[in-house]
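Overview (structure and organization)
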Amino acid sequence: MPKISKDASLQTVITTFEMTPGTCQDLMDALTEAYETFISKQPGFIAAGLHVNDAQTRIANYSQWERREDFQAMLRSDEMRARNREINQLCRSFEPVMYDVVAAFD
């Protein structure tokens, strides 16, 4: 489970996906399978979470990595590039963005 702390030295990545309600479950299945069989096994992976809005038109993915280079290496791998081509067909758009945590509240 992701832990959000401004004192943590890690890379946070938030990826948003836009899709139609008709492809939401297919996309969620593809993302879940990617995390279970590939992404979570990559060097530097810490944790991730998938979130779906109530209209099933957006998925938000929050992931944490030890270093930004770990995330970039996973993203550039042949397997993830192939998976991203499939994911791209299930949604209108998706965009991973790297962030630094500047504040967290409990």
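Everything in this summary refers to the structure shown in the same document.

Calculation criteria
- Residues numbered from 1 in each chain as written.
- Predicted model: local features only at pLDDT ≥ 70, side-chain atom pairs only at ≥ 80, totals over all residues.
- Heavy atoms only, no water.
- 1 Å grid on protein atoms, 1.4 Å probe; cavity = no way out; pocket = protein on both sides within 12 Å on 5 of 7 lines; lining within 4 Å.
- Points joined across faces, edges and corners; volume = space filled by probe spheres on them.
- Helix = DSSP H or I, 4+ residues; strand = E, 2+ residues; numbered from the N terminus.
- Nonpolar A, V, L, I, M, F, W, Y, C, P; charged D, E, K, R; others polar.
- Phe/Tyr/Trp six-rings, centres within 6.5 Å; stacked < 30°, edge-to-face > 60°.
- Buried < 20%, exposed > 50% of the residue type's maximum accessible area, 1.4 Å probe, protein only.
- Pairing = 2+ DSSP bridges.

Observations regarding the layout of surface pockets
Empty space left among the atoms is revealed by rolling a probe the size of a water molecule over them. Size it by volume and the largest pocket reaches roughly 170 Å³. What lines the largest pocket is a set of 16 residues, among which Thr15, Phe17, Asn61, Met80 and Asn84 lie closest to the centre. Those elements that place two or more of their residues in the lining of the largest pocket are β1 (11-18), α1 (21-37), β3 (58-65), α2 (68-76), α3 (78-90) and β4 (93-99). Looking at the lining of the largest pocket, its residues break down into twelve nonpolar, four polar and no charged.

Describing the packing of aromatic side chains
A ring pair, where both rings are aromatic, is described by two values, the distance of the centres and the angle of the planes. Throughout the structure, instances matching the rule amount to four aromatic pairs. Judged by centre distance (5.4 Å) and plane angle (20°), the rings of Phe17 and Phe94 are stacked. Here the residue Phe17 occupies a position in strand β1, and Phe94 occupies one in strand β4, the gap between them amounting to 77 residues. Classification of Phe94 as partly exposed rests on a relative accessible area of 24%. Three or more aromatic residues link up through ring pairs in this structure, and these residues are Tyr35, Phe45, Trp65 and Phe71.

Concerning the pairing of β3
A large share of β3 lies buried, amounting to six of its eight residues. Two strands pair when backbone bridges link them, and β1 and β3 are joined in this way by eight bridges, in the antiparallel orientation. The partner of Thr15 across the bridge, within β3, is Asn61. Note that strand β2 (residues 45-52) and β3 share seven bridges and pair antiparallel. Bridging across to β3, Ala48 finds its partner in Ser63. Counted along the chain from β2 to the antiparallel partner β3, the turn is five residues long, and its residue Gln56 has a positive phi close to 60°.

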